[in-house]
Amino acid sequence: MTKLPFIGYCTNRFTISRLFSRITKMSTVSESVAHDVSKPVESIIRHKLTSCLSPVHLEVINESYMHNAPKGSESHFKVVVVSEKFESLPLIKRHRLVNEALQQELQTSIHALSIS
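The paragraphs below set out a description of the structure included in this document. The residue numbers shown here count from 1 along each chain, following its written sequence. At least 70 in pLDDT is required for a residue's local features to be given in this predicted model, at least 80 for side-chain atom pairs to be given and counted, and no such filter applies to totals for whole chains, interfaces and linings, which use all residues. Side-chain numbers here rest on the full set of heavy atoms in the structure, without hydrogens or water.

What about the side chain of H76?
Among the structural elements, H76 can be located in strand β4 (residues 76–82). Partly exposed residues are those whose accessible area sits between 20% and 50% of the maximum for their type, while under 20% is buried and over 50% is exposed, using a 1.4 Å probe and protein chains only. Given the relative accessible area of 11%, H76 is considered buried. At a separation of 2.7 Å, a polar atom in the side chain of H76 contacts the side chain of S75. Contact between two residues is taken to exist if any of their heavy atoms lie within 4.5 Å; hydrogens are not considered. Setting aside residues no more than four positions away along its own chain, H76 makes contact with I61, N62, E63, S64, H67, H111 and A112. Only DSSP runs of H or I with at least four residues qualify as helices, and only runs of E with at least two residues qualify as strands; both kinds are numbered from the N terminus onward. The term polar contact refers here to a pair of N or O atoms within 3.5 Å; inside protein, the definition further demands a hydrogen-donor-capable atom paired with an acceptor-capable atom, and it admits residues adjacent in sequence only when both atoms are side-chain atoms.

Written out as structure tokens, the structure is:
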């Protein structure tokens, strides 16, 4: 059984795949934002940051392999975000915007987040 923080418990990969298929179809995110069923946390990060910040540049990098985490983990991330919403904001307020967008994930599935 797999726990997905935004959905709840799923019993198998088929169920998870179906749910992500529906999310992808319902998503209003541009075609450049791909949802990868094998990387659900990374996909959610990408979707939420795109929705909240409308970035002109976004990189989501899974750095979990660099830490003491099981293979395939999604717990340590680095995001590089360039957005017009950051214009004239100090760094701390930019980071707060990112943290607010990912509040649920930071409480449940993301152990560490580096923001650039």
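Focus on the pattern of salt bridges
Definition used for salt bridges: Asp or Glu carboxyl oxygen within 4 Å of a side-chain nitrogen of Lys or Arg. Scanning all chains against the criterion turns up two salt bridges. Put simply, E42 and R46 hold a salt bridge, and the shortest N to O gap is 3.4 Å. Here the residue E42 and the residue R46 both occupy positions in helix α2 (residues 40–53), the gap between them amounting to four residues, near one helical turn. The same class applies to E42 and to R46, which are both buried. Here K48 and E105 are joined by a salt bridge, their closest N and O atoms 2.9 Å apart. Within this pair, whereas K48 is found in helix α2, its partner E105 is found in helix α4 (residues 103–108), the two being separated by 57 residues in sequence. On the basis of relative accessible area, K48 is assigned to the partly exposed category, the value being 22%. Residue class for E105 comes out buried when judged on its relative accessible area of 1%.

Regarding the sheet that holds strand β3 (residues 57–62)
The mixed open sheet is built from three strands, whose spatial order is β3-β4-β5. Of all the strands in the sheet, just β3 and β5 (112–115) have a single pairing partner and so form its edges. For this sheet, the mean angle separating the axes of adjacent strands, direction not counted, is 15 degrees. Both β4 and β5 contribute to a ladder of four bridges, which runs parallel. Bridging from a neighbouring strand, V79 pairs with I115 of β5. Seen against the sheet, helix α3 (residues 91–101) touches β4 and β5 and runs at an angle of roughly 140 degrees to β5. Strands qualify as paired when DSSP identifies two bridges or more between them. Axes, fitted as lines to C-alpha atoms, cover a helix only where it is in contact. Angles between the N-to-C directions of the axes lie from 0 to 180 degrees.

Thoughts on α2
Along an α-helix, residues three or four apart share an orientation, since each turn contains 3.6 residues. Multiplying one less than the number of residues by 1.5 Å gives the expected span of a helix. Along its 14 residues, α2 runs 20 Å from first to last C-alpha, staying within 8% of the 20 Å computed at 1.5 Å per residue. Extensive coverage of α2 is indicated by the burial of 10 of its 14 residues. For α2, the full list of buried residues reads P40, V41, E42, S43, I44, I45, R46, L49, T50 and L53. Positive phi shows up at S54, right after α2, with a value of about 45 degrees.

Details of the side chain of E42
The class of E42 is buried, set by a relative accessible area of 13%. Apart from residues lying up to four places away in sequence, E42 is in contact with V60, N62, E74 and F77.

Description of unusual backbone geometry
Of note, the phi angle at S54 is positive, near 45 degrees, even though the residue is not glycine. Within the fold, S54 resides in the loop between α2 and β3. Taking the relative accessible area as the measure of exposure, S54 reaches 47% and is therefore partly exposed. In this structure, S88 takes a positive phi of about 65 degrees despite not being glycine. Structurally, S88 is set in the loop between β4 and α3. In this structure S88 comes out as exposed when scored by relative accessible area, which is 72%.

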